[in-house]
Amino acid sequence: MKVTNPTIIAFALAVLASAQFDQQSAPFHLVLFSDDDHINGTTLTACHSGAAISSLCLSSGGSPSSPDPLAPSIFRFNTSTQTQPASPESTPGLLTNEIPTAPGNLPIPTVLDFYQDPTVDYALPLFYPGEIGRTIAVTESNFFNVQGYVDYSVNPPKSGEWKSYNRWYACTTYYQGYQYLNVVFKLGAGKPQEPGCTSVEVKRVFI
Ligand SMILES: *[C@@H]1O[C@H](CO)[C@@H](O)[C@H](O)[C@H]1NC(C)=O
Ligand SMILES: *[C@@H]1O[C@H](CO)[C@@H](O)[C@H](O)[C@H]1NC(C)=O
């Protein structure tokens, strides 16, 4: 869909903000693709980062808070039946994960949001309890991206066309004392300032 009319965009954004993402996908694992042999094929795990908060860490371990390999987590993607603005080949929705609890208790549903520390140039994806999250999108070939309709590479910024941004990196992050090798989303073009981050693509692989 190519949206050019600002009124249509404003309407589309209002729809997106109020969308009910109640169509739950089948369960899947998240798998990274990268030019780096050590990272290519690595799965992701929801890693404990606070009370009912988890990050998207690499299951391979090797970081201060997760030295040992971990089992891959199960994720689902909630989409909407309403028409959603997005680039033609992507479907927007919310990424979810359930935190297991003690036997006999219900798991805690959590949803992905982006945590931002203004002193670093990437957002840290974190799962929080509840239903409010950061809308991301998935392509027909099952790769996740973030959608935007403003081109900030020109002055003045030009709005009108939805585009997909694949600015995922694997970086060792620091959040509330937890240090994991996590998937992050770079804010703006270019590589993260932190040394040693690796460009990755994030794919869902149905179980
Ligand atoms: C995802 O969809 C399921 C099934 O409709 C629903 O129970 C759950 O609350 C939804 N989660 C979010 C974050 O919208
Ligand atoms: C990464 O893994 C995929 C799937 O196993 C493979 O097709 C691809 O060639 C690998 N990429 C690199 C750069 O090794």
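Residues numbered from 1 in each chain as written. Chains lettered and ligands numbered in written order. Predicted model: local features only at pLDDT ≥ 70, side-chain atom pairs only at ≥ 80, totals over all residues. Heavy atoms only, no water.

Engineer: Let's hear about the site of ligand 1: which residues, and what values?
Structural biologist: Close to ligand 1 lie F21, D22, Q24, N78, T96 and E131. Interatomic distance of 2.6 Å between a backbone N/O atom of D22 and an oxygen atom of ligand 1. Between ligand 1 and E131, the relevant distance is 2.5 Å, taken from an oxygen atom to a side-chain nitrogen or oxygen of the residue. Within the complex, 66% of the 360 Å² of free accessible area of ligand 1 lies under protein. Residues belonging to the shell around ligand 1 are distributed by class as follows: one nonpolar, three polar and two charged. (Near = heavy atom within 4 Å. Polar contact = N/O pair within 3.5 Å; in protein donor to acceptor, adjacent residues only side chain to side chain. Areas by Shrake-Rupley, 256 points an atom, 1.4 Å probe, with all protein chains shown as cover. Nonpolar A, V, L, I, M, F, W, Y, C, P; charged D, E, K, R; others polar.)

Engineer: Let's hear about the site of ligand 2: which residues, and what values?
Structural biologist: The local shell around ligand 2 consists of F33, S34, D35, D37 and N40. Within the shell around ligand 2, the residues separate by chemical class into one nonpolar, two polar and two charged.

Engineer: Residue-level account of the UniProt feature "domain: DUF7907" (unreviewed entry) in the protein, with values.
Structural biologist: The UniProt entry lists residues 25-205 under the feature "domain: DUF7907" (unreviewed entry), expressed in the numbering used here. Across residues 25-205, helical content stands at 0% and strand content at 51%; the span's end C-alpha atoms are separated by 12 Å. (UniProt positions renumbered as here; feature names shortened; annotations may be inferred. Helix = DSSP H or I, 4+ residues; strand = E, 2+ residues; numbered from the N terminus.)

Engineer: Could you give me a rundown of the state of the cysteines, with the residues and numbers involved?
Structural biologist: Summed over the entire model, instances satisfying the criterion amount to two disulfides. In this model, C47 is linked to C57 through a disulfide, with the two sulfur atoms separated by 1.9 Å. Separated by 10 residues along the polypeptide, C47 in strand β3 (residues 44-48) and C57 in strand β4 (residues 54-58) bring together distant segments of the chain. Neither residue differs from the other here; C47 and C57 are each classed as buried. In this model C171 forms its disulfide with C197; the gap between the sulfur atoms is 2.1 Å. Every disulfide takes its handedness from the sign of the S-S torsion; for C171 and C197 that torsion is 125°, giving right-handed. Residue C171 is found in strand β12 (residues 168-175), and its partner C197 is found in the loop between β13 (178-186) and β14 (198-199); the two are separated by 26 residues along the sequence. Looking at C171, the relative accessible area reads 0%, which means it is buried. For C197, a relative accessible area of 10% corresponds to the buried category. (Disulfide = S-S within 2.5 Å. Buried < 20%, exposed > 50% of the residue type's maximum accessible area, 1.4 Å probe, protein only.)

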